[in-house]
Amino acid sequence: QVQLVESGGGLVQAGGSLRLSCAASGRTFSRYAMGWFRQAPGKEREFVAAVNWSNDRTTYVDSVKGRFTISRDGVKNTVSLQMNSLTPEDTAVYYCAASRGYTNSWSTNLPDYWGQGAQVTVSS
């Protein structure tokens, strides 16, 4: 069992930055690939970024490439999403996810565990 708790969301102006963190409980954190999804109002949940078990492979949705960076800390059992050059289109609830499998294309069916979500609002 893995429990995920996100933090770091908030309100930021366009062009600004935010860093989301996700704390994972359990001693099996290293066995899971970690990802971030987001869901904007009236839209389906979409994949944002993921990192594999050993923190040496990452994948991103095209719309955030070059702006967002995902990383994990195996000692602290955390995964972070650094978000730069934010735009109003990035406004969404961001969800941390853990998956036993890793792929370059994450669907919402892949994760085994989900966090409760963190609101990110980017004002124009």
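Structure: above.
Below is a summary of the structure that appears in this document.

Criteria and cut-off values
Residues numbered from 1 in each chain as written. Predicted model: local features only at pLDDT ≥ 70, side-chain atom pairs only at ≥ 80, totals over all residues. Heavy atoms only, no water. Disulfide = S-S within 2.5 Å. Helix = DSSP H or I, 4+ residues; strand = E, 2+ residues; numbered from the N terminus. Buried < 20%, exposed > 50% of the residue type's maximum accessible area, 1.4 Å probe, protein only. Salt bridge = Lys/Arg side-chain N within 4 Å of Asp/Glu carboxyl O.

Right, let's talk about the state of the cysteines for a bit. Applying the stated criterion to the full structure yields 1 disulfide. The residue that forms a disulfide with Cys22 is Cys96, at a sulfur-sulfur distance of 2.1 Å. One disulfide, between Cys22 and Cys96, carries an S-S torsion of -80 degrees and so falls in the left-handed class. Linking Cys22 in strand E3 (residues 18-24) with Cys96 in strand E9 (residues 92-99), this pair joins segments that are 74 residues apart in sequence. Residue Cys22 shares its accessibility class with Cys96, and that shared class is buried.

Here the focus is the pattern of salt bridges. Evaluated as defined, the whole model comprises 5 salt bridges. Two residues, Asp90 and Arg38, come together in a salt bridge whose shortest N-O distance is 2.9 Å. Pair noted here: Asp90 is in the loop between strand E8 (78-83) and E9 and Arg38 is in strand E4 (residues 33-39), with a separation of 52 residues, a long-range link. No difference in accessibility class separates Asp90 from Arg38, as the two residues are buried. Its salt-bridge partner being Arg100, residue Asp112 comes within 3.0 Å of it at the nearest N-O pair. Of the two residues, Asp112 sits in the loop between E9 and strand E10 (113-114) while Arg100 sits in the loop between E9 and E10, which places them 12 residues apart along the sequence. It is possible to trace a salt-bridge network through shared partners that takes in Arg38, Glu46, Arg67 and Asp90.

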